[in-house]
Amino acid sequence: MDTKSDKKDLEVNVPVEEDIFSRNNKIADQNISMLEKHHVHAIDILGSVGSGKTTLVQNLVRHLKNDYRITAIAGDLTTSIDADRIQEEGAPVVQINTGQECHLDATMIQKVLKTLDLEDQDLILVENVGNLICPSAFQVGAHQRIVVVSTTEGPYMVVKHPHTFMEASVLVVNKIDLAGAMEVDLDKLKRDALQIKPDIKVVFTNGRTGEGIPEFIQALNLPKK
Ligand code: MG
Ligand code: ZN
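Definitions and limits used
- Residues numbered from 1 in each chain as written.
- Chains lettered and ligands numbered in written order.
- Predicted model: local features only at pLDDT ≥ 70, side-chain atom pairs only at ≥ 80, totals over all residues.
- Heavy atoms only, no water.
- Donors = N, O, S within 2.8 Å, 3.2 Å for Na, K, Ca; no water.
- Helix = DSSP H or I, 4+ residues; strand = E, 2+ residues; numbered from the N terminus.
- Buried < 20%, exposed > 50% of the residue type's maximum accessible area, 1.4 Å probe, protein only.
- Pairing = 2+ DSSP bridges.
- Axes fitted to C-alpha atoms, helices over the stretch in contact; angles between N-to-C directions.
- Contact = heavy atoms within 4.5 Å.
- Core = buried A, V, L, I, M, F, W, Y, C linked by side-chain atoms within 4.5 Å.
- 1 Å grid on protein atoms, 1.4 Å probe; cavity = no way out; pocket = protein on both sides within 12 Å on 5 of 7 lines; lining within 4 Å.
- Points joined across faces, edges and corners; volume = space filled by probe spheres on them.
- Nonpolar A, V, L, I, M, F, W, Y, C, P; charged D, E, K, R; others polar.

(A) The arrangement of the coordination of the zinc ion (ligand 2) in detail. Around the zinc ion (ligand 2), the protein contributes the donor atoms Cys102 (SG), His103 (ND1) and Cys134 (SG), which lie 1.9 to 2.3 Å from the metal centre. We note that the donor set of the zinc ion (ligand 2) lies within a single chain, spaced as C-H-x30-C. You can see Cys102 sitting in the loop between strand 3 (93-97) and helix 4 (106-115) and its partner Cys134 sitting in the loop between strand 4 (123-127) and strand 5 (144-150), a full 32 residues away along the chain. What makes Cys102 partly exposed here is its relative accessible area of 33%.

Quick look at the structure:
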């Protein structure tokens, strides 16, 4: 491969990317303003496919729907599997099929916010597209970001994605019942996260049984109703 032409490529691409991110950040700020005007709290939920994001959102809806008016926004490449599961818990869901895009961005969220009566909302749960890489670079305009990591993903999910955790308020380590079989040291995952972000809250859950969900909700530190 010709390294000279590689380098040239890089020089062309970097400014374009910066422009995409700064434009996205501007729209994300608009989303935050829109939400705050109507006292709506929004949470961006990141995690790989199969980490248990949808199950955790289902748990949140189950526990919080009597106290908060909740809408979920579910990002997925092509399917509505997650949206259907969340809707079954009794919260309205807006599905965003991103097609080829492996993340949600602020413009997609803004389009959805404009269709909602925000006066009629307290909490918006955004289930981002399942991967831990690029969703972390695209703010959607949420008040907090939580990251879900499953023990089945092995012991290195935190150290391998430092940027994802730098902006997260809560790390959820899910499927703790499988930690032994996966030889994952839960305390080590917690130490890894605290090293990247000293004030991150780390909670341990089993989304299928509901273990750890009250601690998770407490860690969210939601605005009081
Ligand atoms: Mg899901
Ligand atoms: Zn992406």
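(B) Up close: the sheet that holds strand 1 (residues 41-47). Strands sit in the order 3-2-4-1-5-6-7 across an open sheet of seven strands; the sheet is parallel. Each edge of the open sheet carries a strand with a single partner, namely strand 3 and strand 7 (201-204). Averaged over all neighbouring strand pairs, the angle between strand axes comes to 20 degrees, with direction disregarded. Of the pairings in the sheet, the one linking strand 5 to strand 6 (residues 170-174) comprises five bridges and is parallel in character. Paired with Val148 across the strands is Val172, a residue of strand 6. Helix 2 (residues 53-64) rests against strand 1, strand 2 (70-76), strand 4, strand 5 and strand 6 of the sheet, and its axis sits at about 165 degrees to strand 4.

(C) Spatial organisation of the coordination of the magnesium ion (ligand 1). Each protein donor to the magnesium ion (ligand 1) is listed here as Thr54 (OG1), Asp82 (OD) and Glu127 (OE); together their distances run 2.1 to 2.3 Å. Look at where the donors of the magnesium ion (ligand 1) fall in the sequence and you get T-x27-D-x44-E. Of this pair, Thr54 sits in helix 2 while Glu127 sits in strand 4; the two residues are 73 residues apart in sequence, bridging distant segments of the chain. When sorted by exposure, Thr54 lands in the same class as Glu127, which is buried.

(D) Region of the structure containing the nonpolar core. Among the nonpolar cores identified, the biggest contains 28 residues, and Leu125 and Phe216 are the most heavily contacted of them. Listed by contribution, the elements that provide at least two residues to this core are strand 1, helix 2, strand 2, helix 3 (81-88), strand 4, strand 5, strand 6 and helix 8 (213-220). Setting aside residues no more than four positions away along its own chain, Phe216 makes contact with Leu56, Leu60, Ile146, Val170, Val172, Val203 and Thr205.

(E) Representation of the layout of surface pockets in the model. Space inside the largest pocket adds up to approximately 350 Å³. As for the largest pocket, its lining consists of 23 residues, and the residues nearest its centre are Val49, Gly50, Lys53, Asp76 and Asp82. The set of elements that each furnish at least two residues to the lining of the largest pocket consists of helix 2, strand 2 and helix 3. Split into classes, the residues belonging to the lining of the largest pocket amount to five nonpolar, 12 polar and six charged.

(F) Representation of empty space enclosed by the protein in the model. Using the criterion set out here, one finds one cavity of 30 Å³ or more in the structure. Of the volumes computed, that of the largest cavity is approximately 30 Å³. Along its surface, the largest cavity is lined by Leu35, Ala42, Ile109, Leu113, Ile124, Val126, Val140, Gly141 and Ala142. Within the residue set of the lining of the largest cavity, elements represented by two or more residues are helix 4 and strand 4. In terms of residue class, the lining of the largest cavity is made up of eight nonpolar, one polar and no charged.

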